[in-house]
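So you can see what is in the structure, the chains are spelled out below.
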Amino acid sequence: SFRLNTQDPADYPELPEFPGHAAVTVSGARLAELIRRTAFACAQEQGRYAINGVALTAEKGQLELAATDGRRLAVARTPIEGGSTIGRCIVPPRMLGELRRIAQEVEAVSLAVAEGRLIARAGWYMVAGSLIDGSYPAYAEMIPKRAKEVLGVKASLLASCLRQAAHLVSQE
């Protein structure tokens, strides 16, 4: 026989009830891809706390994630299931990292906001994390609605060129 030292379960915070009536559902693979496409652009500065996270909005059948550090802007969207909406909230990058890890393993993820927390349920997993207080910049106004000229480029070719150019630019 052996003895296993553990902590008292009462020492852990209690998970909130998942508000299924107010949830939206998204494909796990699509959520992981949205997080990958946006989380890198989060600010990491002490003075600009609101943009240290990713803005998440779910409305009109679409989930949108957006992140900026004041110089870069990343926005990604995907269709969702469920008629519920989630008003703009700011999700910390560490929680998004956990969500991405879980989303890669499951078929679908349900998201809801309650009591100042984002709550995610996916298969056997349930994750809840506090949201960042503050107002996110009006990033949609920075994206042009129409363009005079349109340029078509293969995504793989553009990505390759950008990787090459990144070697010539400093991180600052």
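Each chain carries its own residue numbering, running from 1 in the written order of its sequence. With pLDDT at 70 or above as the cut-off, local features in this predicted model cover only qualifying residues; side-chain atom pairs require 80 or more to be listed or tallied, and sums for whole chains, interfaces and linings still use all residues. Excluding hydrogens and water, the side-chain figures rest on all heavy atoms present in the structure.

1. Points about the packing of aromatic side chains
Pairing of aromatic rings covers Phe, Tyr and Trp, the last through its six-membered ring, and needs centres within 6.5 Å; plane angles under 30 degrees mean stacked, over 60 mean edge-to-face, and all others mean tilted. This structure, assessed with the given rule, holds one aromatic pair. Ring centres 6.3 Å apart and planes at 80° place the aromatic pair Tyr-136 and Tyr-139 in the edge-to-face group. By the burial criterion, Tyr-136 is buried, and Tyr-139 matches it. Under the scheme applied here, a residue whose accessible area is under 20% of the maximum for its type counts as buried, over 50% as exposed, and between as partly exposed, the area being computed with a 1.4 Å probe on protein chains only.

2. Observations concerning the nonpolar core
To form a nonpolar core, buried Ala, Val, Leu, Ile, Met, Phe, Trp, Tyr and Cys residues must be joined to one another through side-chain atoms within 4.5 Å. Ranked by internal contacts, the top residues of the largest apolar core, which has 42 residues, are Leu-56, Leu-63, Val-91, Val-109, Leu-111 and Leu-118. It is helix α2 (residues 93-103) that contributes the most residues to this core, five residues altogether. Contact criterion: two residues are considered in contact whenever any of their non-hydrogen atoms come within 4.5 Å of each other. Filtering out sequence-adjacent residues up to four positions away, Leu-118 remains in contact with Leu-56, Val-91, Met-95, Leu-99, Leu-111, Ala-112, Val-113, Val-127, Ala-128, Gly-129 and Leu-131. Only DSSP runs of H or I with at least four residues qualify as helices, and only runs of E with at least two residues qualify as strands; both kinds are numbered from the N terminus onward.

3. Some thoughts on the sheet that holds strand β7 (residues 117-122)
Note on pairing: DSSP must find at least two bridges between two strands before they are called paired. Taking strand neighbours across the sheet as the criterion, the four strands line up as β1-β6-β7-β8 in an open arrangement whose pairing is antiparallel. Two strands bound the open sheet, and with one partner strand each, they are β1 (24-27) and β8 (125-130). Taking the axes of each pair of neighbouring strands and ignoring which way they run, one obtains an average angle of 20° across the sheet. As paired strands, β1 and strand β6 (residues 108-114) are joined by four bridges and run antiparallel to one another. Looking across to β6, one finds that Val-24 is bridged to Leu-111. Of the strands in this sheet, β1 and β6 touch helix α1 (residues 28-38), which is tilted by about 85° from β1. Geometry is summarised by axes, namely lines fitted to C-alpha atoms with helices restricted to the contacting stretch, and by angles between N-to-C directions that run from 0 to 180 degrees. Most of the contacts of α2 go to β8, to which it runs at about 165°, and overall it touches β6, β7 and β8.

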